[in-house]
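# Survey of secondary and tertiary structure
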Protein chains: 2
Amino acid sequence: MQLIDGKSIAEQIKKEIAEQVEQMLAQGLKRPHLAAILVGHDGGSESYMTNKVRACEQCGFKSTLQRYDEDITEEELLRAIDGLNNDPDVDGFIVQLPLPKHIDEQRVIEAIDYRKDVDGFHPVNVGRLSIGLPCFRSATPQGIVNLLDRSGIDTRGKHCVVLGRSNIVGKPVAALMMAKSKPGNCTVTVCHSATPNIPEITRQADILIAALGSPAFVKADMVKPGAVVIDVGTTRVADATRKSGWRLCGDVDFDAVAPLCSHITPVPGGVGPMTIVSLMQNTLMAAKHTIYPA
Amino acid sequence: MQLIDGKSIAEQIKKEIAEQVEQMLAQGLKRPHLAAILVGHDGGSESYMTNKVRACEQCGFKSTLQRYDEDITEEELLRAIDGLNNDPDVDGFIVQLPLPKHIDEQRVIEAIDYRKDVDGFHPVNVGRLSIGLPCFRSATPQGIVNLLDRSGIDTRGKHCVVLGRSNIVGKPVAALMMAKSKPGNCTVTVCHSATPNIPEITRQADILIAALGSPAFVKADMVKPGAVVIDVGTTRVADATRKSGWRLCGDVDFDAVAPLCSHITPVPGGVGPMTIVSLMQNTLMAAKHTIYPA
């Protein structure tokens, strides 16, 4: 069994990005700039944001953070987005989700100029991903594909089973895994809450991607020996032995499943670090106008 | 075995649309208007267009057809599209594909105002379909979902296997079949040219959607008894007994497979007529501004 070390792969990619930024600066180009909007003081969002700012520093990006109180109106938020859409120094930006309930998240997502939508949530980017056109890919699916690629895992003709059909993980990772590309070219099955026979299907998986958000859902008897297992779950579960009182738990019963696998990602330290790196890759592409012309 | 009579279901839906148009006119609203651009004189495209114009008449729509010669430049075509984008009388329009090789099809598709894109090919509509938002759905996948719905086939928790990963059929029908909706809520597997063990997978299908464009590909030993089989294939094969010299052949070996099925679509007369009806439904929704505000 080989552990897929997402943390170390992520560090390596950030180094590569930092080198490209150095080259851009040497050519007289401006420093890539990622902006973020954070509404309210949700603990999870705050810690994601801290990690994103740190990743920007490691990559040599400029980062700016606009903070707003919980009671910002939708109109005020849309104005802030418009400001970033029209700021020529900002290459890409994100609005940290979730937003307060009085704000229409989908309206906010669609207000972002898709050419600066480095989270890849705008329908134009989602549609282009589905069609197989260059686009800003949403961070977690792109992180998974990068992990497989950097781990030298051959995906062509393999059966990839995805657990979960969310808009930000399950559906887009299914699209990437079935795409006529490398990695890709998998036969793909998507299972979800309405699937009656999940174990029967997961046992057929050469590559199993678990993105249900259900702690330790995948047991040893659900995995084919020799499978590659990618664990996207990050649920906080109570743990009295930790100072914080909790630990992150994946969707896979790691200790029981790992001995069966050819490759497996740990939680934490697997998919998580790669997600932020995807955002950095998208920001670099935005700054270089790799996908959409200036 | 029950034959799914797409032709008769399509006639029924067109009648329902015509009734709605009558109501719109009685309310003093304008007649829905579908426009089409046809470039060149491809035989298949001409006959599709004839069928679309006839369907417009049956639904009580106004239809207009702009014809251009094969040698139209991309700029001229884009100007024609812009004219339709800005014509307030035109509710929706299509550009018949394929286009001559000197024209960038994707650029043409993206030039269409997504609010008039009744073919559902614009990335905004593709993306919204994937996310599960209201949108113009592309015609064949929507036709398939309509057939299942009107035939009273329960899809929830069933295993749907899709053969083919094209942008206009395989990928969008997979998205619709896995969606949290009715019809929908299927476990979905997508197979394609890189799948090494197609028969093994199709034998698990409760619902099999064949969209490979490979005549009589699906044989009896690839189908589970009692399955629902939807045949999207429409390949012209030589047939000396026909006046035309050819007949349409589906992706399913119909005579061998039909006796095994609970339901099956014929070719022709199955999915084909439903495809045009989807276009009519999209045009009605465009005229009513059901999806995008006026």
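All names here are of chain B. In space, the three strands of this open sheet follow the order β3-β2-β4, with parallel pairing throughout. Bordering the open sheet on either side are β3 (62-68) and β4 (92-95), each of which pairs with just one other strand. If you compare each strand with its neighbour and ignore which way they point, the axes differ by 15° on average. In terms of strand pairing, strand β2 (residues 33-39) meets β3 through seven bridges, oriented parallel. The residue bridging L34 from the neighbouring strand is S63, located in β3.

Okay, the sheet that holds strand β1 (residues 2-3) of chain B next. The strand order across the open sheet built from twelve strands is β1(A)-β11(A)-β8(A)-β7(A)-β5(A)-β6(A)-β6(B)-β5(B)-β7(B)-β8(B)-β11(B)-β1(B), with neighbouring strands paired in mixed fashion. Looking at strand neighbours, the two that pair on one side only are β1 (2-3) of chain A together with β1 of chain B, the edges of this open sheet. Note: strand β6 (residues 187-191) of chain A against strand β6 (residues 187-191) of chain B, three bridges, orientation antiparallel. Residue V188(A) lies in a different strand from β6(B), and its bridge partner there is V190(B).

Right, let's talk about the relation of the copies chain A and chain B for a bit. Superposing chain A onto chain B requires a rotation of 180° together with a translation of 0.0 Å along the rotation axis, leaving an RMSD of 0.0 Å. What the rotation and shift describe, once combined, is the action of a two-fold rotation axis. Taken as a fraction of all interface residues of chain A, those also at the interface in chain B reach 100%, which identifies the copy contact as same-surface.

This part takes up the environment of L77(B). Of note, L77(B) is situated in helix α3 (residues 74-85). Taking C-alpha positions, L77(B) is 9.9 Å from A111(B), a pair spaced 34 residues apart along the chain.

By a widely used convention, the size of an interface equals the accessible area lost when the partners come together. Contacts between chain A and chain B engage 26 residues on the former and 26 residues on the latter. A total of seven residues in the side of chain A that touches chain B trace back to one element, the largest contributor, which is helix α5 (residues 123-131) of chain A. Residue composition of the side of chain A that touches chain B, by class: twelve nonpolar, ten polar and four charged.

This brings us to the nonpolar core. Grouped together as the largest cluster of nonpolar side chains are 176 residues, with contacts concentrated most on I209(A), L208(B) and I209(B). Considering every element that reaches this core, the biggest residue donor is helix α10 (residues 271-288) of chain B, with ten residues. Discounting chain neighbours no more than four positions away, the residues touching L208(B) are V161(B), T202(B), V218(B), V223(B), A227(B), V229(B) and I230(B).

Residue and element names in this part refer to chain B. When you tally the buried positions in β6, you get five out of five residues, the bulk of the element. Of the two faces of β6, the one carrying T187, T189 and C191 and the one carrying V188 and V190 are both buried. Where strand β5 (residues 159-163) lies against β6, five bridges are found, and the strand directions are parallel. For L163, the partnering residue across the bridge sits in β6 and is C191. You can see the chain leave β5, run along helix α7 (residues 170-178) and come back into β6, and the turn it takes is right-handed.

Right, let's get into the confidence of the model for chain A. Residues shown with low pLDDT carry predicted positions that ought not to be read at fine detail. For chain A, per-residue confidence averages 97 on the pLDDT scale, and 100% of positions sit at 70 or higher. Note on the complex model: pTM 0.97, ipTM 0.96.

Another aspect to go through is the environment of L284(A). Counting through the fold element by element, L284(A) comes out in helix α10 (residues 271-288). Beyond its immediate chain neighbours, meaning those up to four positions away, L284(A) contacts I17(A), Q20(A) and P32(A).

How each quantity is defined
Residues numbered from 1 in each chain as written. Chains lettered and ligands numbered in written order. Predicted model: local features only at pLDDT ≥ 70, side-chain atom pairs only at ≥ 80, totals over all residues. Pairing = 2+ DSSP bridges. Helix = DSSP H or I, 4+ residues; strand = E, 2+ residues; numbered from the N terminus. Axes fitted to C-alpha atoms, helices over the stretch in contact; angles between N-to-C directions. Least-squares fit on C-alpha atoms with pLDDT ≥ 70 in both. Contact = placed C-beta atoms within 7 Å. Nonpolar A, V, L, I, M, F, W, Y, C, P; charged D, E, K, R; others polar. Core = buried A, V, L, I, M, F, W, Y, C linked by C-beta atoms within 7 Å. Buried ≥ 20, exposed ≤ 12 C-beta atoms within 10 Å, placed from the backbone. Right-handed = clockwise from strand over helix to strand, strands pointing away. pLDDT = per-residue confidence, 0-100.

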